[in-house]
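Next come the chains, spelled out residue by residue.
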Amino acid sequence: MSRTYDDTWLCEKLKDLPYSACITDPNQPDNPIVFVNDQFCEQTGYTREQAIGRNCRFLQCVESDQDEVRRIREAIDAGEEVSADVLNRFADGGLFWNRLSIKPIHDDAGQIQRFMAVQMVLKDNPYETLAEDKRRSDTALSELHHRLKNHLTLIHSSVRLQMRDTGETDGLVGVLNRIQSLQSLYSGMRQGIEAPSELDDVDFFNYLSSICTAIAGLDENITFDQLVPEEPLMMDIDTASQVGMMVAELVTNSMRHAFDDNGGKIVLRGEVSDGKVLVGIEDNGRGLGADQEEKLGSGLGGKILKQTAKSLSAELDFNPSSEGMSVSL
């Protein structure tokens with residue numbers, strides 16, 4: 001059947017493709033190459049005569065990741081699509097990283113008649129690139145924690161001054177202890193990692209999630225969930241650290257006041273729409289009555305939140321109910 005299958009349309013489709021491409025015939029022994037385009041020859045250095053009639057494995061080398069090679073082979077045996085980054089060898093012996101995408105081609109009866117492979121030479125080692133991205137992410141988060149710790153230190157000093165000048169202690173000691181615990185928390189989270197000064201942006205929702213996870217994790221009866229965009233939102237470190245301070249305050253407040261001994265749930269919400277970013281902290285605790293809403297807004301914690309929101313030109317809304325508290329920024 002495969003020898004009479006007309007793949008002219010497929011060859012024409014791939015002939016002028018700006019990427020390296022080849023076609024193999026799985027109905028012949030060892031699934032040999034039956035077509036390569038000009039880009040394949042230019043990219044690999046192999047002529048058509050050297051490539052056609054051979055299995056694509058001739059591009060592999062001793063250094064190729066055998067787990068990835070096996071995964072590709074198993075996908076082809078199962079008649080499935082597969083993508084992978086594999087180390088291959090040019091005709092002149094040089095090595096290159098090949099971003100490979102393979103797709104089965106079926107006839108009208110649903111039988112696989114060909115496999116189409118599109119290849120792209122990667123300039124950089126994809127695994128080293130991923131490792132570098134992770135390093136930059138880790139160091140950016142470290143810098144955020146450092147700056148957030150500085151913000152908390154400032155608040156810590158302000159509270160002490162207020163206590164000294166006014167003699168007011170009711171409620172302030174609790175806030176002071178909370179700030180001290182948060183300082184210890186953030187210091188321990190990234191201890192020993194220094195961030196390069198050139199890192200100015202961070203994955204915003206990922207950062208807020210790390211704060212919520214760390215704080216909620218201090219109480220085994222509290223569960224944490226998040227409903228945030230999957231796509232990263234990069235934000236400057238100074239802005240993100242201020243929002244992080246507010247989120248830390250809100251989550252800590254919920255844990256201290258919203259739940260009984262049975263615990264509860266805290267949810268981080270995030271949304272990006274029309275150039276605006278919405279951040280919400282919700283809990284399913286005991287909630288607050290209408291007469292308590294003003295008290296929450298007039299306390300030191302509320303002042304900190306409102307002042308930080310003002311510096312960010314942000315709107316801060318408290319939405320208490322009998323079924324919990326929702327605060328949106």
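Just above sits the structure.
Residues numbered from 1 in each chain as written. Predicted model: local features only at pLDDT ≥ 70, side-chain atom pairs only at ≥ 80, totals over all residues. Heavy atoms only, no water.

1. Re the nonpolar core
Across soluble globular proteins, nonpolar side chains have a tendency to be buried as a group. Under the convention used in this document: Side-chain atoms within 4.5 Å are what join buried Ala, Val, Leu, Ile, Met, Phe, Trp, Tyr and Cys residues into a set we call a nonpolar core. Relative accessibility under 20% of the residue-type maximum defines a buried residue, over 50% an exposed one, and the middle range a partly exposed one, all with a 1.4 Å probe and only protein chains included. In DSSP terms, a helix is any run of H or I states spanning at least four residues, a strand is any run of E spanning at least two, and both are numbered starting from the N terminus. Should any heavy atoms of two residues lie within 4.5 Å, those residues are counted as being in contact.
If you look at the biggest cluster of nonpolar residues, it comprises 33 residues, and the most contacted ones within it are Phe204, Leu208, Val247, Val251, Val279, Ile281 and Leu316. Secondary structure elements with two or more residues in this core: α7 (204–216), α8 (237–257), β9 (264–273), β10 (276–283), α10 (300–311) and β12 (324–328). Excluding residues within four positions of it along the chain, isoleucine 281 makes contact with Cys212, Val247, Leu250, Val251, Ile266, Val267, Leu268, Met325, Ser326 and Val327. Ranked by size, the runner-up nonpolar core spans 18 residues in total, among them Ala75, Val82, Ala84 and Leu100.

2. Remarks on the pattern of salt bridges
Short version of the rule: In what follows, salt bridge is the name for a side-chain nitrogen of Lys or Arg lying within 4 Å of a carboxyl oxygen of Asp or Glu.
Under the criterion given, the structure shown has 11 salt bridges. Arginine 57 is the partner of aspartate 30 in a salt bridge, and the nearest nitrogen-oxygen pair spans 2.9 Å. A residue pair is termed long-range when its members are at least 10 positions apart, and aspartate 30 in the loop between β1 (20–24) and β2 (33–36) and arginine 57 in the loop between α3 (48–51) and α4 (66–77) qualify at 27 residues. Taking the relative accessible area as the measure of exposure, aspartate 30 reaches 45% and is therefore partly exposed. Measuring nitrogen to oxygen at the nearest pair gives 3.0 Å for the salt bridge that ties glutamate 68 to arginine 71. With glutamate 68 and arginine 71 both in helix α4 and 3 residues apart, this pair spans about one turn of that helix.

3. Digging into the sheet that holds β2
The condition is simple: Two strands pair if DSSP finds at least two bridges between them. Working convention: axes come from line fits to C-alpha atoms, limited for helices to the stretch in contact. Angles between N-to-C directions cover 0 to 180 degrees.
Spatially, the 5 strands line up as an open sheet ordered β2-β1-β5-β4-β3, and their pairing is antiparallel. Here the strands that pair on one side only, and so sit at the sheet edges, are β2 and β3 (82–89). The mean angle between the axes of side-by-side strands here comes to 30°, regardless of whether they run parallel or antiparallel. Pairing geometry for strand β4 (residues 95–106) and strand β5 (residues 112–122), over 10 bridges, is antiparallel. By the bridge assignment for β5, arginine 99 is matched with methionine 120. Across the face of the sheet, helix α1 (residues 8–15) comes into contact with β1, β2, β4 and β5 while running at roughly 165° to β1. Across the sheet, α4 touches β3, β4 and β5, and the angle it forms with β3 is around 130°.

What is shown is where atoms sit, not what they do.
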